[in-house]
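So you can see what is in the structure, the chains are spelled out below.
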Amino acid sequence: MKALLRPAISLFVLLSVVTGLLYPMLVTGVARIAFPDAATGSLIIRDGKPIGSALVGQNFSDPKYFWGRPSATAPQPYNAAASAGSNQGPLNPSLADAVKARVAALRAADPGNQRPVPIDLVTASASGLDPHISPAAADYQVERVARTRHLEAKAVRQLVAENTEGRDLGVFGEPRVHVLNLNLALDAHAR
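So, a few notes on the structure that sits alongside this text. None of the values given here were measured: they were computed from a predicted structure. (Residues numbered from 1 in each chain as written. Predicted model: local features only at pLDDT ≥ 70, side-chain atom pairs only at ≥ 80, totals over all residues. Heavy atoms only, no water.)

With that settled, consider the environment of Gly29. As for its placement among the helices and strands, Gly29 is situated in helix α1 (residues 2–34). Note on Gly29: relative accessible area 28%, which makes it partly exposed. As a C-alpha pair, Gly29 and Ala39 span 10 residues in sequence and 9.2 Å in three-dimensional space. (Helix = DSSP H or I, 4+ residues; strand = E, 2+ residues; numbered from the N terminus. Buried < 20%, exposed > 50% of the residue type's maximum accessible area, 1.4 Å probe, protein only.)

The next point concerns the pairing of strand β2 (residues 49–53). Of the pairings in the sheet, the one linking strand β1 (residues 43–46) to β2 comprises four bridges and is antiparallel in character. Residue pairing for β2: Ile44 is matched across the bridge by Gly52. Linking β1 to β2, which pair antiparallel, is a turn of two residues; within it Asp47 sits at a positive phi near 55 degrees. (Pairing = 2+ DSSP bridges.)

Opposite charge on two side chains permits them to pair, given that their charged atoms come into close proximity. For the coordinates displayed, the defined rule picks out nine salt bridges. Salt-bridge contacts for Asp139 lead to Arg115; the nearest nitrogen and oxygen are separated by 3.4 Å. Remark: Arg115 occurs in the loop between α3 (93–109) and β3 (132–133) and Asp139 occurs in helix α4 (residues 135–149); sequence separation between them is 24 residues. For Arg115, a relative accessible area of 33% corresponds to the partly exposed category. Among the ionic contacts, a cluster of salt bridges with common partners joins Arg115, Asp139, Glu143 and Arg157. (Salt bridge = Lys/Arg side-chain N within 4 Å of Asp/Glu carboxyl O.)

Peptide bonds are trans in most cases, and residues, glycine excluded, mostly fall at negative phi. The backbone of Asp47 sits at a positive phi, close to 55 degrees, despite the residue not being glycine. Asp47 gets classed as exposed once you look at its relative accessible area, which sits at 75%.

When the terminal C-alpha atoms of α4 are compared, their 20 Å separation across 15 residues agrees well with the 21 Å that a helix rising 1.5 Å per residue should span. Considered for burial, the residues of α4 that qualify are Ala137, Ala138, Tyr140, Gln141, Val142, Arg144, Val145, Ala146 and Arg149. Following α4 by one or two positions, His150 has its phi on the positive side, about 60 degrees. (Expected span 1.5 Å × (residues − 1).)

Geometric descriptors of this kind do not, in isolation, establish any biological role.
Now the structure itself:
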């Protein structure tokens with residue numbers, strides 16, 4: 001029995017060290033070298049303080065800011081620990097009611113805007129954490145933001161253009177606007 005127990009314990013300790021310590025340290029080291037920003041959470045730092053992540057949306061509700069996609073996490077919006085979609089299909093009455101309420105909130109915030117509401121302003125992404133909106137969703141909000149901030153719409157549209165990211169590698173995905181970066185640019189413009 002002792003002859004079998006000693007090699008088993010030795011192998012258990014060896015594999016624990018290799019898979020529990022050495023391998024994670026190696027992968028973390030390679031990630032920090034190859035992808036230093038992503039390996040540390042893609043944090044956005046302002047004045048020496050982290051204010052958010054480039055990978056996770058933020059909850060903006062003030063009319064002077066651009067609003068992102070609705071979050072599917074509850075009860076706290078954009079909670080990365082609770083990332084998941086709502087699993088509500090297009091015929092689900094709860095989803096239809098939520099979309100109607102979101103459209104009504106957008107209309108109430110900008111009563112003069114009668115253009116069709118872009119879908120990404122009223123539906124959550126699959127993760128519920130998406131930090132981006134479409135250029136159409138940003139353009140839909142330009143007049144409200146410009147009016148609230150006492151800016152010309154042309155200046156706000158220029159900030160939207162400067163914060164619009166193109167397709168990945170020129171072919172993958174769609175152009176998108178990073179909401180937090182755009183709102184930070186708006187605040188910097190106001191100074």
